[in-house]
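Fold and geometry: a report
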Amino acid sequence: MERNNANPQDLPMAVEANQEGLQSNEDLHLVLVLRLPSFNLPVNDILRPHFHLLDPADSPEPASSFLSNHAQSVRALICVGYAPVTAETLNLLPSLELIVASSAGVDHIDIQECRRRGIIMTNASTAFAEDAADYAVALLIDVWRRISAADRFLHAGLWPVKGDYPLASKLRGKRVGIVGLGSIGFEVSKRLEAFGCSIAYNSRMEKPSVPFPYYANVLDLAAHSDALVLCCSLTEQTRHIINKDVMTALGKKGVIINVGRGGLIDEKELVQFLLRGDIGGAGLDVFENEPDVPRELFELDNVVLSPHRAVATPESFEAVFQLIFTNLKAFFSNKPLQSVYQIE
Ligand SMILES: O=CC(=O)O
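Let us look at the structure shown here. (Residues numbered from 1 in each chain as written. Predicted model: local features only at pLDDT ≥ 70, side-chain atom pairs only at ≥ 80, totals over all residues. Heavy atoms only, no water.)

Attention now goes to the layout of surface pockets. One number sums up the size of the largest pocket: a volume of about 460 Å³. Looking at the largest pocket, it is lined by 30 residues, and the ones nearest its centre are A104, N123, S125, I184 and C231. Breaking the lining of the largest pocket down by element, the ones donating at least two residues are α5 (125-145) and α8 (183-194). With three residues, α5 is the largest single contributor of residues to the lining of the largest pocket. (1 Å grid on protein atoms, 1.4 Å probe; cavity = no way out; pocket = protein on both sides within 12 Å on 5 of 7 lines; lining within 4 Å. Points joined across faces, edges and corners; volume = space filled by probe spheres on them. Helix = DSSP H or I, 4+ residues; strand = E, 2+ residues; numbered from the N terminus.)

This is how it looks when you write it as structure tokens:
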């Protein structure tokens, strides 16, 4: 899990923290940090002057005894990257009220248990929305216009040998179905409208404030779309939401773009549909068993692959650090939180 290891020197570090009157650790609010040791985001360095951080990864003690011994009174937890926050971990944190996730997706956190305990959760999809949407649209354009495939054709020296590269497909007039119209999905819709695509969407609930047709089920959305763009959370309800039936409804020319989570698609089925030519193409930033990607996909020119990078730019990480800081400050001052997690 190294994909979010931004180099600290690449980050502008513009968190507008209030530096006045830095206090000793004892005066600062206690915040637990859970991270996988491979995650190097400089979030601790940025927050340390403002909160008393407890980070089990810095201690030789096993995590569970660290939590039992030092974290009983912890009210707020930052989950960095994809560190799993299981019901067992939550059991060790009896005073926990808030989880601040540094990611857009929160499928590594036991949401049901948080709900049961009344623990509030914030995530980072607002901070990542523009970058994730840019990437989703880039993947879609790449698949439809065959840019990566044309690049390979040129690099292989095939232009003089094989002549003109086959024509690709136009964006204007295409029907795009967005699955999950949260902050990322909404940014995707704005971009694709500007390209002249018509937008429809599926999400848990209809959104009265948006002008696009709503489909309560993905099968109907697929039947009325030339492409599906997946931007929703991975939950029990959305796992394999893109299955055999949905791919059949999308049809032989249909394209699937996934910047959500690999588990949204039945990946084995997707590979078979692509190999048989039963769907038109795919742009995939996420996979079911990352970093393993089905090798069959490497051979296909109508598939664009990317190593889970849609959200990651130094600018979006800076926005995430700012968001984490703002949410923690708001929580400890009893002010409204930004970016409270909603399932789309
Ligand atoms: O995939 C990226 C994220 O969830 O932040």
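Next, the rest of the story.
Our next topic: the packing of aromatic side chains. The final tally for this structure, using the stated rule, is six aromatic pairs. Centroid distance F128 to F317: 5.9 Å. Interplanar angle 90°. Geometry classified as edge-to-face. Of this pair, F128 sits in helix α5 while F317 is found in helix α12 (residues 314-332), placing the two residues 189 residues apart along the sequence. Both residues of the pair, F128 and F317, belong to the buried class. Ring-pair connections join several aromatic residues into one group, and the members of that group are F51, F325, F331 and F332. Positioned over the ring face of W144 is K174, at 5.1 Å from the centre of the ring. Geometry around F51 places K329 over its ring, the cationic atom sitting 5.4 Å from the centre. (Phe/Tyr/Trp six-rings, centres within 6.5 Å; stacked < 30°, edge-to-face > 60°. Buried < 20%, exposed > 50% of the residue type's maximum accessible area, 1.4 Å probe, protein only. Lys NZ or Arg CZ within 6 Å of the ring centre and 35° of its normal.)

Two faces make up the sheet, and in a regular strand the side chains alternate between them. In strand β4 (residues 98-101), alternate side chains face the same way, and those of L98 and V100 on one face and I99 and A101 on the other are all buried. Bridge analysis of strand β3 (residues 76-80) against β4 gives four bridges, and the strand direction is parallel. Residue pairing across strands places C79 opposite A101, the latter belonging to β4. Tracing the backbone out of β4, into helix α4 (residues 111-117) and back to the parallel element strand β5 (residues 120-122) gives a crossover that is right-handed. (Pairing = 2+ DSSP bridges. Right-handed = clockwise from strand over helix to strand, strands pointing away.)

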